[in-house]
Amino acid sequence: MTPDNALDLAEDYLERERQILLSGQIGELERLQPTREKVVSALLHTKGEARRVKRLRVLAQRNRVLLKASAEGVQRAIKRLGELRKAAGPIQSYSSNGGQCAIGPVNPQFERKA
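Residues numbered from 1 in each chain as written. Predicted model: local features only at pLDDT ≥ 70, side-chain atom pairs only at ≥ 80, totals over all residues. Heavy atoms only, no water.

Caption draft 1: Focus on the packing of helix α1 (residues 3–23) against helix α2 (residues 33–44). At a minimum axis separation of 9 Å, α1 and α2 run at an interaxial angle of 145°. As for how α1 packs across α2, the hand of that crossing is left-handed. Facing Ala6, Leu7, Leu9, Ala10, Tyr13 and Glu17 of α1, the residues of α2 in contact are Thr35, Arg36, Lys38, Val39, Ala42 and Leu43. Broken down by class, the residue content of the contact of α1 with α2 amounts to 8 nonpolar, 1 polar and 3 charged. (Axes fitted to C-alpha atoms, helices over the stretch in contact; angles between N-to-C directions. Helix = DSSP H or I, 4+ residues; strand = E, 2+ residues; numbered from the N terminus. Left-handed = near helix turned anticlockwise from the far one by under 90°. Contact = heavy atoms within 4.5 Å. Nonpolar A, V, L, I, M, F, W, Y, C, P; charged D, E, K, R; others polar.)

Caption draft 2: The side chain of Arg52, seen in detail. Counting through the fold element by element, Arg52 comes out in helix α3 (residues 50–88). Residue classification places Arg52 among the buried residues on the basis of a relative accessible area of 14%. Other than its neighbours up to four places away in sequence, Arg52 contacts Asp4, Leu7, Asp8 and Glu11. (Buried < 20%, exposed > 50% of the residue type's maximum accessible area, 1.4 Å probe, protein only.)

Caption draft 3: Main features of the nonpolar core. By size, the foremost hydrophobic cluster in this structure holds 12 residues: Leu7, Ala10, Tyr13, Leu14, Ile20, Leu21, Leu29, Leu32, Val39, Leu56, Leu59 and Leu66. When contributions to this core are tallied by element, the ones reaching two or more residues are α1 and α3. Per-element accounting of this core gives the leading share, 6 residues, to α1. (Core = buried A, V, L, I, M, F, W, Y, C linked by side-chain atoms within 4.5 Å.)

Caption draft 4: Layout of the layout of surface pockets. Counted as a void, the largest pocket has a volume near 250 Å³. Surrounding the largest pocket, 16 residues form its lining, Leu14, Val39, Leu43, Leu56 and Ala60 being those nearest its centre. Every element with two or more residues in the lining of the largest pocket is listed here: α1, α2 and α3. No other element matches α3, which puts 7 residues into the lining of the largest pocket. A class-by-class count of the residues in the lining of the largest pocket yields 11 nonpolar, 1 polar and 4 charged. (1 Å grid on protein atoms, 1.4 Å probe; cavity = no way out; pocket = protein on both sides within 12 Å on 5 of 7 lines; lining within 4 Å. Points joined across faces, edges and corners; volume = space filled by probe spheres on them.)

Caption draft 5: Inspection of the pattern of salt bridges at higher detail. Within the structure shown, the criterion is met by 10 salt bridges. Residue Glu15 pairs with Arg55 through a salt bridge whose shortest N-O separation is 4.0 Å. Highlighted residues: Glu15 in helix α1 and Arg55 in helix α3, separated in sequence by 40 residues. Since its relative accessible area comes to 26%, Glu15 is described here as partly exposed. Residues Glu28 and Arg31 are paired through a salt bridge, measuring 3.1 Å at the closest nitrogen-oxygen approach. What you see here is one network of salt bridges that share partners, running through Asp4, Asp8, Glu11, Glu15, Arg52, Arg55 and Arg62. (Salt bridge = Lys/Arg side-chain N within 4 Å of Asp/Glu carboxyl O.)

Caption draft 6: Inspection of the pairing of strand β2 (residues 100–103) at higher detail. Direction of pairing for strand β1 (residues 91–94) relative to β2: antiparallel, over a ladder of 4 bridges. When the bridges of β2 are listed, Ile91 appears paired with Ile103. Between β1 and β2, which follow one another and run antiparallel, lie 5 residues, and Gly98 among them has a positive phi close to 90°. (Pairing = 2+ DSSP bridges.)

Caption draft 7: Summary view of the packing of α1 against α3. Where α1 meets α3, the closest approach of the two axes is 10 Å, and the angle between their N-to-C directions is 20°. Between α1 and α3, the crossing angle belongs to the class labelled roughly parallel. The chirality of how α1 crosses α3 is left-handed. Residues Asp4, Leu7, Asp8, Ala10, Glu11, Leu14, Glu15, Glu17, Arg18, Leu21 and Leu22 of α1 pack against Arg52, Val53, Arg55, Leu56, Leu59, Ala60, Arg62, Asn63, Leu66, Leu67 and Ser70 of α3. Here the residues of the contact of α1 with α3 sort into 11 nonpolar, 2 polar and 9 charged. (Parallel < 35°, antiparallel > 145°, perpendicular 65-115°, else oblique.)

Shown next as structure tokens:
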């Protein structure tokens, strides 16, 4: 593969990755894995012009920021779901003899409304 072809492939990959990240369809990144491996392999054996390599670095950095934000969003969603599950569960309190007891359903179900 020529250096220009390898750099074109890498740029196309990074643009596609960005589109997926911006669309919020994070699961689609998995389908890009074979292309990612091909890009990395091609770039390992390529010496391109500094200007193009610098552009790839900028594109990769831009995607890294999006990936980090996506990961933080997923972590926040997981945390929030945990909070909702905990809130839907029994409340811990104390009985008249001072022991802990649960008030409310032991196996809570989320109430679903149409």
